[in-house]
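# Remarks on the overall topology
Below, each chain spelled out in residue letters.
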Amino acid sequence: MSACLRFTRRVWRSFVENQGHDQRCFPNLNIIDAKPGLLKASLKIEPYNLNRVGTVHGGLIMSLTDTLGSLAVATKGQYMTGVSVDVGTSFVKPAGRVGEELTANAIVTGIGKSLAYTRVDFYNAQGQLAAYGHHTKYIGRSAGHENDVKFSEDGERVIEGKDVE
């Protein structure tokens, strides 16, 4: 397993251990892969993820845009992923029904000293683009945390900081 994937899963565990929104809404989120600036994840759709017509609720997609955008920032080695400044999502097709798998790709489209920009694409079980979102994060005060790391270009190794686990 790459250092970037280990680190990003560790950040996700810290979200879950917080016992807040993420843990309540999608505790079964699976981080499939992580490379610097790129995250792949999946979620098995549960009954509590649905709207009243039996498909994935738009609020779930919005929340995942926020969380996966944050985890995309983590793939750049930031343990504390900042706070949201702007989040938006467009819905293209139904994202799925109970038992199906929703997949997502999150990328960091830009990162500076104070802001990070991400995009998240969501795919239904048929592989169709179901929704896409953007997430802007203020990271100015979160950079420099004691758990931050720097990865090799391919994300396989930590070249600065501690590779825990």
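Residues numbered from 1 in each chain as written. Predicted model: local features only at pLDDT ≥ 70, side-chain atom pairs only at ≥ 80, totals over all residues. Heavy atoms only, no water.

## Looking at the sheet that holds strand β3 (residues 83-91)
- Strands sit in the order β1-β2-β4-β5-β6-β3 across an open sheet of 6 strands; the sheet is antiparallel. Edge positions in the sheet fall to β1 (30-35) and β3, since each has one partner strand and no second. Neighbour-to-neighbour, the strand axes of this sheet turn through a mean angle of 15°, independent of strand direction.
- As judged from the 8 bridges shared by β3 and strand β6 (residues 129-138), these two strands associate in the antiparallel manner. Among the inter-strand pairings, Thr89 is bridged to a residue of β6, identified as Gly133.
- This element, helix α1 (residues 3-17), spans β1 and β2 (38-44) of the sheet and lies at about 135° to β1.
- Contacts from helix α3 (residues 58-74) reach β1, β2, β3, β4 (101-111), β5 (115-123) and β6, with the element oriented near 130° to β3. (Pairing = 2+ DSSP bridges. Helix = DSSP H or I, 4+ residues; strand = E, 2+ residues; numbered from the N terminus. Axes fitted to C-alpha atoms, helices over the stretch in contact; angles between N-to-C directions. Contact = heavy atoms within 4.5 Å.)

## Digging into α3
- End to end, α3 covers 24 Å across 17 residues, agreeing with the expected 24 Å (1.5 Å per residue, within 8%).
- Buried residues dominate α3, accounting for 13 of its 17 residues. (Expected span 1.5 Å × (residues − 1). Buried < 20%, exposed > 50% of the residue type's maximum accessible area, 1.4 Å probe, protein only.)

## Let's talk about a nonpolar patch on the surface
- On the surface, a nonpolar cluster with roughly 270 Å² of combined accessible area is contributed by Val83, Val85 and Tyr138.
- Position of Tyr138 among the secondary structure elements: in strand β6.
- On the basis of relative accessibility, which here comes to 34%, the residue Tyr138 falls in the partly exposed class. (Patch = residues over 30% accessible without salt bridge, like charges linked within 9 Å, V, L, I, M, F, W, Y side chains within 5 Å. Areas by Shrake-Rupley, 256 points an atom, 1.4 Å probe, with all protein chains shown as cover. Salt bridge = Lys/Arg side-chain N within 4 Å of Asp/Glu carboxyl O.)

## Observations regarding the packing of aromatic side chains
- Taken as a whole and assessed by the stated rule, the structure comprises 4 aromatic pairs.
- Seen from their ring centres, Phe7 and Tyr79 are 6.4 Å apart, and the 65° between their planes marks the pair as edge-to-face. Residue Phe7 is located in helix α1, and its partner Tyr79 is located in the loop between α3 and β3; the two are separated by 72 residues in the primary sequence. Each member of the pair, Phe7 together with Tyr79, is buried.
- A ring pair is formed by Trp12 and Phe15, whose centres lie 6.0 Å apart and whose planes are at 65°; its orientation type is edge-to-face. Taken as a pair, Trp12 and Phe15 lie in helix α1 at a separation of 3 residues, close to a single helical turn. (Phe/Tyr/Trp six-rings, centres within 6.5 Å; stacked < 30°, edge-to-face > 60°.)

## Side note on the pattern of salt bridges
- According to the stated counting rule, one finds 3 salt bridges in the structure shown.
- The salt bridge involving Asp33 is made with Lys35; its shortest N-O contact spans 3.0 Å.
- Residue classification places Asp33 among the partly exposed positions, given a relative accessible area of 24%.
- As a salt-bridge pair, Asp121 and Arg119 come within 2.8 Å of each other at their nearest N and O atoms.
- The class for Asp121 is buried, based on a relative accessible area of 16%.
- When its relative accessible area of 33% is taken as the criterion, Arg119 is described as partly exposed.

## Points about empty space enclosed by the protein
- Overall, the coordinates contain 2 cavities of 30 Å³ or more when judged by the stated rule.
- By volume, the largest cavity amounts to about 40 Å³.
- Contributing to the lining of the largest cavity are Ala3, Arg6, Phe7, Arg10, Phe151, Val158, Lys162, Asp163 and Val164.
- In terms of residue count, α1 provides more of the lining of the largest cavity than any other element does, 4 residues in total. (1 Å grid on protein atoms, 1.4 Å probe; cavity = no way out; pocket = protein on both sides within 12 Å on 5 of 7 lines; lining within 4 Å. Points joined across faces, edges and corners; volume = space filled by probe spheres on them.)

Keep in mind these values describe shape, not function.
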